There are 2 protein chains.
Amino acid sequence: MDNILIIDRIKSVIGSCDQFTPLHIPIFDDREVELLSECVESNFVSSVGAFCDRFETALAEYTGAKRAVLCVNGTSALHLALRVAGVESNDEVLIPSLSFVATANAVRYAGAIPHFVDCERDHFGMDPLKLREHLQTIGESRDGLLYNRETGRVIRCVVPMHAFGHPVLLKELTSVVNEYSLKLVEDAAESLGSFYEGKHTGTFGECGILSFNGNKVMTTGGGGAILFNDEQLADHAKYLSTTAKRPHKWEFYHDEMGYNYRMPALNAAMGCAQMEKLPKMLEQKRALASRYEQAFAGLDGLRFLTEPSNCQSNYWLNAIVLDEPNLEQRDAILEATNSQNIMTRPVWTPLHLLPMYADCPRMDLSATEEVAQRIINIPSTAGL
Amino acid sequence: MDNILIIDRIKSVIGSCDQFTPLHIPIFDDREVELLSECVESNFVSSVGAFCDRFETALAEYTGAKRAVLCVNGTSALHLALRVAGVESNDEVLIPSLSFVATANAVRYAGAIPHFVDCERDHFGMDPLKLREHLQTIGESRDGLLYNRETGRVIRCVVPMHAFGHPVLLKELTSVVNEYSLKLVEDAAESLGSFYEGKHTGTFGECGILSFNGNKVMTTGGGGAILFNDEQLADHAKYLSTTAKRPHKWEFYHDEMGYNYRMPALNAAMGCAQMEKLPKMLEQKRALASRYEQAFAGLDGLRFLTEPSNCQSNYWLNAIVLDEPNLEQRDAILEATNSQNIMTRPVWTPLHLLPMYADCPRMDLSATEEVAQRIINIPSTAGL
């Protein structure tokens, strides 16, 4: 495969690249400053304020969740989601090895142990069939709980992550989750605006989390949220996110260990402005993906990553995928594109290969290790 | 004592109180919106950006610290400060029982155990003499470490908190810290702008933390920072605050468990604007305190809390202090003032009285329990 050809195909979509083209940048107009200004004028810029309520309502409406609870970022949202979903110290939590490190970190913050699951080779989400086989081998159901026969620990929860915005095989996964009485918490950090059979990602399990980091579909500077279908879980999450302070006109009384995880109203104000343009940004991102798809059609040795069937993806990060794992070739393409002002990057180093997670329980992760040598993300900003 | 008299004295300082007077609100003008707007236009609103660097530089310059590292809030700053100061899982950390719950929570996030220390009765900071006596009784020095004879755990660190902005007895405390080879981490969440013998609080030990929550002297919506005199510790804290990602042009490699604790540039932009008016706000707050001091002079049964000798306080929260502990009287004053549109509040419930910290190691905490029945915070916004 000719790297020049790849660069030409990218340029045919995004233009000449005389200037550096980042992977993903936010889109702002006057509206963000308008609402930030309104927030400052209201004096409520911190953990309480109308913009927090307004942003939560907008998120719940858009995603179809009963409630959204704002957090300071996606990582804190996942930590809190795991806690309210019932993850306890020394539990095991099934997470993809192919994810950003925050997925594993949040499990550790909750005092639990990541247990790594392999991905399927089409869209790189958690492989439900392989997960079922693995649980058949190492799992032991007792008193309504699933135990890991090898470690003796409870396997409490499954956290699929919708990589690059493409929904995982939720139907098949939910079936495994139910079969083994597990809790489902979706890491939808990358998939705001992505739907599986018409239903928004992050709304299929106990709860799901979103991220509004600067590189995401929309941003609040830093921020995240948890989506709930259960009011009580949502109330508990909000309570824990605001130091678990019991409501009282003046007393400071906290009855469990809480967190300072509430998104400031200042950031929520930016979120409200971004929400207004979310549909348009998603439209632009899907149009960009469609142009990439055409540009890469018929090219030997690689494919452009398209959305799974029955799904509508936000195409957060576009990707080209080599037919065969080839680290040398992957890095040559990364070198060539980056040196030509086109920012590209590989997928994350699989989490089981990071030193602090090397000793965690896992299944066979051969697909993850292969896939990590095949993926290259390409510029994906809305409106490119 | 007559509650009407107290209300009159407060009104003589802050005015008629036809409208609700909050305890502490932020002061903004056009400058905040100007810098927020500049930040949005730059497109760098998230974890990287010129405003992060600029705010860090301004904080280091103002406090005299060698480095400041921004965090998402004061709680995360304290968690990270403890980690880089060497606090390990199952260590004990000496903290005041008279503090906001975040002080204890941060110790728990680090996997360590709060060990509660009593306060002195003048300014309610950690009591260094009582601490020394306690360590003489329960401490055992071995291999350069201090062990708690009763629990067998290492006592690693002391975290004094400068309550309401008034510096603790740092000289006496530092002497105990040195005597027992402990680490000193200052919780200066409330004391930006407070100096002990001319040196800014938070710069006396391994590191110190600040908070820019909405109720603090200045705000970034939500935010915090760690002050360092040691470049390497600062680098490590910044590294950990940004998921411990190793610098590389495209690879995602993390070599320890990090956090998503970096303050977004959007919030830092607000911080830059607030820093510009900090000196003026401090001046106004000190003038307000001085007016309160005069108004309460000569009143029987209580005193207005003034700054310790050799210190300059930011007077974050003004307080009146009953001569004798009297919960009934305290609550009557709280009722009377709040019902008259004057927001007042008591000090925090002592941490050893909260259910999740009830079993933590502690010394005699009689001063803390007394003092908690004597303190009433009164409106303290700059410019009142």
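The present account deals with the structure reproduced in this document. (Residues numbered from 1 in each chain as written. Chains lettered and ligands numbered in written order. Predicted model: local features only at pLDDT ≥ 70, side-chain atom pairs only at ≥ 80, totals over all residues. Heavy atoms only, no water.)

Our focus in this paragraph is the overall build of chain A. When helices and strands are tallied, chain A shows eleven helices and 16 strands. Computed over its C-alpha atoms, the radius of gyration of chain A comes to 21 Å, within 12% of the 21 Å expected for a compact globule of 384 residues. Reported as C-alpha extents along the three principal axes, the dimensions of chain A are approximately 65 × 60 × 35 Å. The buried share of chain A, taken over its 384 residues, is 62%. Here the contacts in chain A between residues at least 6 apart in sequence split such that 70% fall between residues at least 24 apart. Split by element, the accessible area of chain A, about 13600 Å² in all, is 46% carbon and sulfur. (Helix = DSSP H or I, 4+ residues; strand = E, 2+ residues; numbered from the N terminus. Rg over C-alpha atoms; globule rule 2.2 N^0.38 Å. Buried < 20%, exposed > 50% of the residue type's maximum accessible area, 1.4 Å probe, protein only. Contact = heavy atoms within 4.5 Å. Areas by Shrake-Rupley, 256 points an atom, 1.4 Å probe, with all protein chains shown as cover.)

Quick look at the packing of helix α3 (residues 50-63) of chain B against helix α9 (residues 265-296) of chain B now. Residue and element names in this part refer to chain B. At a minimum axis distance of 7 Å, the contact between α3 and α9 shows a crossing angle of 30 degrees. One finds that α3 runs roughly parallel with respect to α9. The way α3 lies across α9 gives a crossing that is left-handed. Facing Phe 51, Cys 52, Arg 54, Phe 55, Ala 58, Leu 59 and Tyr 62 of α3, the residues of α9 in contact are Ala 265, Ala 268, Ala 269, Gly 271, Cys 272, Met 275, Glu 276, Leu 278 and Leu 282. Of the residues belonging to the contact of α3 with α9, the class tally is 13 nonpolar, one polar and two charged. (Axes fitted to C-alpha atoms, helices over the stretch in contact; angles between N-to-C directions. Parallel < 35°, antiparallel > 145°, perpendicular 65-115°, else oblique. Left-handed = near helix turned anticlockwise from the far one by under 90°. Nonpolar A, V, L, I, M, F, W, Y, C, P; charged D, E, K, R; others polar.)

On to the nonpolar core, then. Ranked by size, the top nonpolar core spans 127 residues in total, and within it Leu82(A), Leu131(A), Leu135(A), Ile226(A), Leu82(B), Leu131(B) and Ile226(B) carry the most contacts. The contact partners of Leu82(B), leaving out residues within four places of it in the chain, are Val87(B), Val93(B), Ala106(B), Val107(B), Ala110(B), Cys157(B) and Val159(B). Formed by 106 residues, the second largest nonpolar core is a distinct cluster that contains Ala225(A), Phe252(A), Phe212(B) and Val217(B). (Core = buried A, V, L, I, M, F, W, Y, C linked by side-chain atoms within 4.5 Å.)

Summed over all chains, the structure comprises three cavities of 30 Å³ or more. There is about 60 Å³ of room inside the largest cavity. In terms of lining residues, the largest cavity is bounded by Val72(A), Tyr259(A), Asn260(A), Tyr261(A), Val72(B), Asn73(B), Thr75(B), Ser76(B), Tyr109(B) and Tyr261(B). Across the lining of the largest cavity, the residue classes break down as six nonpolar, four polar and no charged. There is about 40 Å³ of room inside the second largest cavity. (1 Å grid on protein atoms, 1.4 Å probe; cavity = no way out; pocket = protein on both sides within 12 Å on 5 of 7 lines; lining within 4 Å. Points joined across faces, edges and corners; volume = space filled by probe spheres on them.)

With that out of the way, let us pick up the interface of chain A and chain B. In this assembly, 55 residues from chain A lie in contact with 55 residues from chain B. Overall, the association of chain A and chain B removes approximately 4700 Å² of surface from exposure, summing both partners, and the carbon and sulfur fraction of that is 66%. Seen at the junction of chain A and chain B, the total is two salt bridges. Between Lys249(A) and Glu335(B) there is a salt bridge whose closest N-O contact spans 2.8 Å. Between chain A and chain B we count 19 residue pairs in polar contact (both at pLDDT 80 or more) in total. Going through the elements one at a time, α2 (30-42), α5 (101-109), α9 (265-296), α10 (327-339) and β15 (345-346) of chain A are the ones with two or more residues in the side of chain A that touches chain B. Counting residues per element, the side of chain A that touches chain B draws most heavily on α2(A), at five residues. Here the side of chain A that touches chain B is composed, by residue class, of 27 nonpolar, 20 polar and eight charged. (Buried area = accessible area lost by both parts, 1.4 Å probe. Salt bridge = Lys/Arg side-chain N within 4 Å of Asp/Glu carboxyl O. Polar contact = N/O pair within 3.5 Å; in protein donor to acceptor, adjacent residues only side chain to side chain.)

Glancing now at the pattern of salt bridges. Close approach of charged atoms allows side chains with opposite charge to pair. This structure, assessed with the given rule, holds 43 salt bridges over all chains. In this structure, Glu140(A) engages Arg142(A) in a salt bridge whose closest nitrogen and oxygen atoms are separated by 3.4 Å. We classify Glu140(A) as partly exposed; its relative accessible area is 29%. Of the residues examined, Arg142(A) reaches a relative accessible area of 39% and is grouped as partly exposed. The salt bridge partner of Asp91(B) is Arg156(B), with a shortest N-O separation of 2.6 Å. Residue Asp91(B) is located in the loop between α4 (74-84) and β2 (92-96), and its partner Arg156(B) is located in strand β6 (residues 155-158); the two are separated by 65 residues in the primary sequence. Considered together, Asp91(B) and Arg156(B) belong to a single accessibility category, that of buried residues. Through salt bridges that share partners, Asp29(A), Glu32(A) and Lys277(A) make up one connected network.

Honestly, that's just the spatial picture; any functional story needs more than this.
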